[in-house]
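Listed below are the residues making up each chain.
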Amino acid sequence: MSSRAGNSCFMAQRPLPGLIFRQAVRAYEREEYEESLVLIGEGMDLVQGQETPGEAVVLLPDPDSAKVCDAVVLWANNLFQLDRFNEFEVLLASAGRWGLVPEEMPELDLVVLSFAFKQGKYTEVVVETTTFIEKHRQGSLPIILADFLLLRSHCLSNLGEPEKAEPDAEMAYSLFRLLGNDKNCARAANLQGMLCGRNSHFDTAEVWFRRSFDLHQQLDMKKNMGGNRLNLGIINYKRGDLVQAEIEFQAAQKILTQVKAQVPLCRCAIARGNNLRLQRNFDIAREVLTQAYNQANELTLAREEALALEFLGDTFKDEKKYDQARRFYSRALAIGNSLAPDGDIVMEVMGRQGECLSLMGRHREGISVLGRALVLARRLGDKHEEGVVRRSLAQAMFETSDHNQALQHISRAVDLFEQVGAQFDWALALIQQCKIQLAQIDGGMVEDTGKMLELAWQGTLKTIDPFSISGVDHWLVQARAILSDVSKRRSRWEKLQLDGWNQEIPQTSSQRQMSPPIIHVSSGMRDLIQLTDAFADSEEPVLITGETGTGKELFARRLHDRSRRRSEELVCVNVTAIPNSIFAREFFGHVQGSFSGADRDGLGLAAKADGGTLFLDEIGEMPLELQPQLLRLLQDGTYHAIGDPQERRTNIRLVAATNANLEQLVAEGKFRADLYYRLKILGLKLPSIPKRREDIQPLLKHFLSSAAGRSVETQEFFNQESLDQMQNYRWPGNVREIAMVARQARVQMASTGQVCVEVGEMGEDTLFFSGPQKALSAFELPQPGRAEHSADFRPQAGLTRSKIMMSLDEAKGNRAEAARILGVSRSTLYRHLVKLGVATKIASG
């Protein structure tokens, strides 16, 4: 060995001045890292000064004093706490001059790995720590083994393997307790709290964090105390106490600022920014999170960068700026994948991406991404995030009209949030569950409306307390609005039930016949119903447009039943059913003697609807000469009865409907422009069945069940091939045609045990919707598919097969009445029926 090498080896074992080293250690424990570095420097200078010619300093060997190698380890730990990685690399490079071999010093190696952990190199650190742990597992355990276990536990946790991280943390805590090392006991307790928090065991996590805080407080370790307060804040916002979380974050920020702990301050800013987002303080949240991201970038904290980007994405998502949100999520996901492809960050961001896609209307893509996030959440055992993902899945399923799946996911989310004590998220899930339940009621998809309303009431009532604790008025206002809506629905339902049983109480028509449900699962119809309910309390007229059979009268009834006029009459009039010659007297009434046969006064429709709602169907057919009188009625509520010079007054709300193009009629001079613009103040445009195909099967099931008098499944009446064909059929008669098909199927099944319903446009191919195969086996029936009409048959223009069948159905098989409804002669109707081979007596079912 050369003289230089020998001196270096000797240098590593030379003692430091005991007083200076003890002062440096105490400064380090007080988290005064700069002071500790200065003291170490002084001690090292004194040691090196022994070899400097002319120096009078002499250090006597002291067996109790530390050596140079100990000073270098303390130096390295100070640099780690100050996040000075570049200086640490210089220290390692120059270690040889003191006779140190870093690879042979586990204490120094631990600092190297700790820096790697900060840089997000979790897998690399796990490999290195595992090598050391396995090497020293047998025989006498080195004191530093507990530190390696603690570091590996941190890495495994961030890699999304909490089940492997927990045993390491528990063992490290036990070893530190045996060694009487309170400082490291506090570190291990803090990690235990973090692991419990990630497993959504919030109460247990709080116990560990408070235990860690008490130990750090005894040791006067302010930086670590700040870290504990930060973690307590995170636990509080996950539990839903956003106000207490803000208190904890501000306390943490104050402590950490005092000791200039940059990394924990960065983490605190990220957590506080997310809490501000949850409180809907979006501008402040964005500012805080942007600063935190920049700080994480400067400190090369990859995990913190990803978290800041994730929460910035959440902020934009909550502001409905979905494109911007997705850009932040994509950047966060890229970092998360580089750190741990199956870790918690990837899981969380994937869930947010899926939610965003669904909110943008890309539901199928969103459901696919959310499905992958759900798998990760369940694998990681993160019940809280599983609940968050299921809540997003419920909304996406709801938007795709899959109400059953939506209800299953949201019910599971409610259970999960309740299990882990995440009160705020639990309340959000309950609100969403209530909305789905109300949509099912509105869509006629519920057998026991009273029970579902009670569930919605109880669920929404439970949200008031958590939202009050959260301090977020936005959600409290929304919960109270939903509670008010459910309360009104319950009152209406209870009144209906009471009126139904109490026959002694006189009932108005609206009390006797509440509006039937508008069967739907489609989001378009749901939005339309919400708009209808919003129009209900207005006194302005409503114009309902849509093709024949789309349910215009149902919407008129809903407008009335949800208005302030619901206790009064809803008078429904089909304008085409009143001959022009008597329209004025039917509409406005007459006085005795005003015309031949008028032996008494007659109330008109305007008087009958006084205080209530007047529904005029097919308003486009109203005689042009009477339109000015209707306009006057709308404008000032006055009119004249036939033969009465005295002006009369009525208080009505007008709802009009038409399948005609009123704008075109106005252009052709067949409808008054001033009346048209007065009517169209509030408009509802009903979609045809081809625009709401997801409603076909629910409608069919509803009408089949109604005809059968019990709940049935569509497969009891139709085979799968026919059900598939229904999804592609044009349904020119819309909902009315579906009802007709259902009633015919029920009658055929009841009378013959088999089903074969014929539909289709006249002059075009005909479809047969057939029953289940087992019911067809004994009969010679056409197969599901198309048939052709004879070549010599030419249907009358506008007289389609669907119109004929629906008219017969509406007339309960009466051919004369069906001909009147169609506006053709009976002979014309008979000719078409014979050519089509259609039975001329249709049972009503």
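What counts, and where the lines are drawn
- Residues numbered from 1 in each chain as written.
- Predicted model: local features only at pLDDT ≥ 70, side-chain atom pairs only at ≥ 80, totals over all residues.
- Heavy atoms only, no water.
- Pairing = 2+ DSSP bridges.
- Helix = DSSP H or I, 4+ residues; strand = E, 2+ residues; numbered from the N terminus.
- Axes fitted to C-alpha atoms, helices over the stretch in contact; angles between N-to-C directions.
- Buried < 20%, exposed > 50% of the residue type's maximum accessible area, 1.4 Å probe, protein only.
- Phe/Tyr/Trp six-rings, centres within 6.5 Å; stacked < 30°, edge-to-face > 60°.
- Parallel < 35°, antiparallel > 145°, perpendicular 65-115°, else oblique.
- Left-handed = near helix turned anticlockwise from the far one by under 90°.
- Contact = heavy atoms within 4.5 Å.
- Nonpolar A, V, L, I, M, F, W, Y, C, P; charged D, E, K, R; others polar.
- Core = buried A, V, L, I, M, F, W, Y, C linked by side-chain atoms within 4.5 Å.
- pLDDT = per-residue confidence, 0-100.
- Salt bridge = Lys/Arg side-chain N within 4 Å of Asp/Glu carboxyl O.

Sorry if this is basic, but what is going on with the sheet that holds strand S1 (residues 542-545) here?
Taken together, five strands build an open sheet; the order of strands is S2-S3-S6-S1-S7 and the sheet is parallel. Only two strands of the sheet have a single neighbouring strand rather than two, namely strand S2 (570-574) and strand S7 (682-685). The average undirected angle you get between the axes of adjacent strands in this sheet is 15 degrees. Here S1 pairs with S7 via four bridges, running parallel. Bridging across to S7, valine 542 finds its partner in leucine 682.

Can you walk me through the pairing of strand S6 (residues 653-658) in this structure?
Both faces of the sheet carry side chains from a regular strand, because those side chains alternate between them. With respect to burial, S6 is a largely interior element, six of its six residues being buried. Taking every second residue as pointing to the same face, both faces of S6 are buried, with Arg653, Val655 and Ala657 on one and Leu654, Ala656 and Thr658 on the other. Looking at chain direction, strand S3 (residues 613-617) and S6 are connected through five bridges and run parallel. By the bridge assignment, phenylalanine 615 is partnered in S6 with valine 655.

What should I look at first to understand the packing of aromatic side chains in this one?
When we look at a pair of aromatic rings, we describe it by the centre distance and by the angle of the planes. Using the criterion set out here, one finds 16 aromatic pairs in the structure. Where phenylalanine 587 meets phenylalanine 588, the ring centres are 4.8 Å apart and the plane angle is 70 degrees; that geometry is what we call edge-to-face. For phenylalanine 587, a relative accessible area of 1% gives the class buried. On the numbers, 5.9 Å between centres and 80 degrees between planes, the contact of tyrosine 729 with phenylalanine 769 is edge-to-face. Separated by 40 residues along the polypeptide, tyrosine 729 in the loop between helix H35 (720-728) and helix H36 (734-752) and phenylalanine 769 in strand S9 (residues 766-770) bring together distant segments of the chain. On the basis of relative accessibility, which here comes to 8%, the residue tyrosine 729 falls in the buried class. Residue classification places phenylalanine 769 among the buried positions, given a relative accessible area of 0%.

What am I meant to see in the packing of helix H20 (residues 383-399) against helix H22 (residues 423-442) here?
The relative placement of two packed helices is expressed as an angle between their axes plus a distance between the axes. The N-to-C vectors of H20 and H22 enclose an angle of 20 degrees; their axes lie 11 Å apart at closest approach. When the axis of H20 is compared with that of H22, the two are roughly parallel. Both H20 and H22 take part in a crossing whose hand is left-handed. Contact residues: H20 offers His384, Arg391, Ala394, Gln395 and Phe398, while H22 offers Asp425, Leu428, Ala429, Gln432, Lys435, Ile436 and Ala439. Classifying every residue of the contact of H20 with H22 gives six nonpolar, three polar and three charged.

In this structure, what is going on with the nonpolar core? I would like to understand it.
Most often, soluble globular proteins have nonpolar side chains that are buried together. Ranked by internal contacts, the top residues of the largest apolar core, which has 136 residues, are Tyr237, Ile270 and Phe467. In terms of residue count, the dominant contributor to this core is H22 (twelve residues). The residues contacting isoleucine 270, other than those within four sequence positions of it, are Leu289, Ala292, Glu304, Leu307, Ala308 and Phe311.

Looking at this model, I keep getting lost on the pairing of S9. Mind explaining?
Of all five residues in S9, five are buried; the element is thus mostly enclosed. Neither face of S9 is exposed, since Thr766, Phe768 and Ser770 on one face and Leu767 and Phe769 on the opposite face are all buried. Relative to S9, strand S8 (residues 756-759) runs antiparallel, the two sharing four bridges. Counterpart to valine 757 in the pairing with S9 is phenylalanine 769.

Honestly, unusual backbone geometry in this entry has me stumped. Any pointers?
The bulk of non-glycine residues show a negative phi, and the bulk of peptide bonds are trans. The phi dihedral of aspartate 83 falls on the positive side, at around 60 degrees, and the residue is not glycine. Inspection of the secondary structure puts aspartate 83 in the loop between helix H4 (68-81) and helix H5 (85-93). Among the residues examined, aspartate 83 registers a relative accessible area of 22% and is labelled partly exposed. In the Ramachandran plot, serine 401 falls in the positive-phi region, its phi being about 70 degrees despite a non-glycine side chain. With respect to the element layout, serine 401 can be found in the loop between H20 and helix H21 (403-420).

Please clarify how the confidence of the model for the chain should be interpreted in this entry.
Note that predicted coordinates carrying low pLDDT should not be read in detail. Put simply, the chain has an average pLDDT of 83, and 84% of its residues get 70 or more. pLDDT under 50 marks residues 51-63. Its contacts with residues more than four places away, or in other chains, come to twelve contacts.

How should I be thinking about the environment of leucine 276 in this particular structure?
With respect to the helices and strands, the residue leucine 276 is situated in helix H14 (residues 262-278). Under the relative-accessibility criterion, leucine 276 is labelled buried at 5%. Once the C-alpha coordinates of leucine 276 and valine 288 are considered, the two residues, twelve residues apart in sequence, prove to be 8.9 Å apart. When sequence neighbours within four positions are dropped, the list of residues in contact with leucine 276 reads Glu246, Asn281, Ile284, Ala285 and Val288.

What should I look at first to understand the pattern of salt bridges in this one?
Any two side chains of opposite charge can pair if their charged atoms end up close together. Counted under the stated rule, the structure contains 43 salt bridges. Of the charged contacts, one joins glutamate 310 and arginine 352 as a salt bridge, the two residues approaching to 3.6 Å between their closest N and O atoms. Of the two residues, glutamate 310 sits in helix H16 (residues 302-318) while arginine 352 sits in helix H18 (residues 344-359), which places them 42 residues apart along the sequence. You'll find glutamate 310 and arginine 352 in the same group, each marked buried. The closest approach of N and O atoms between glutamate 540 and arginine 678, which form a salt bridge, is 3.2 Å. Of this pair, glutamate 540 sits in the loop between helix H27 (523-536) and S1 while arginine 678 sits in helix H33 (residues 673-679); the two residues are 138 residues apart in sequence, bridging distant segments of the chain. Ionic contacts of the salt-bridge type, sharing partners, join the residues Arg277, Glu310, Asp314, Lys317, Asp318, Arg352, Glu355 and Glu385 into one network.

Would you mind showing me how to read the environment of leucine 175 here?
Within the fold, leucine 175 resides in helix H9 (residues 162-179). Expressed as a C-alpha distance, the spacing of leucine 175 and isoleucine 143, which sit 32 residues apart in the sequence, is 8.5 Å.

Explain the side chain of serine 470 here, please?
Counting through the fold element by element, serine 470 comes out in helix H24 (residues 464-470). By relative accessible area, serine 470 is classed as buried at 0%. If we skip the residues at most four places from it in the chain, serine 470 touches Gly240, Leu242, Val243 and Phe424.

Would you explain the packing of H16 against H18 in this entry?
The N-to-C vectors of H16 and H18 enclose an angle of 20 degrees; their axes lie 11 Å apart at closest approach. By the angle between their axes, H16 is roughly parallel relative to H18. Relative to H18, H16 is oriented so that their crossing is left-handed. Counted together, Arg303, Ala306, Leu307, Glu310, Asp314 and Lys317 of H16 and Asp344, Ile345, Glu348, Val349, Arg352, Glu355, Cys356 and Leu359 of H18 form the full contact between these two elements. Of the residues contributing to the contact of H16 with H18, the split by class is six nonpolar, no polar and eight charged.

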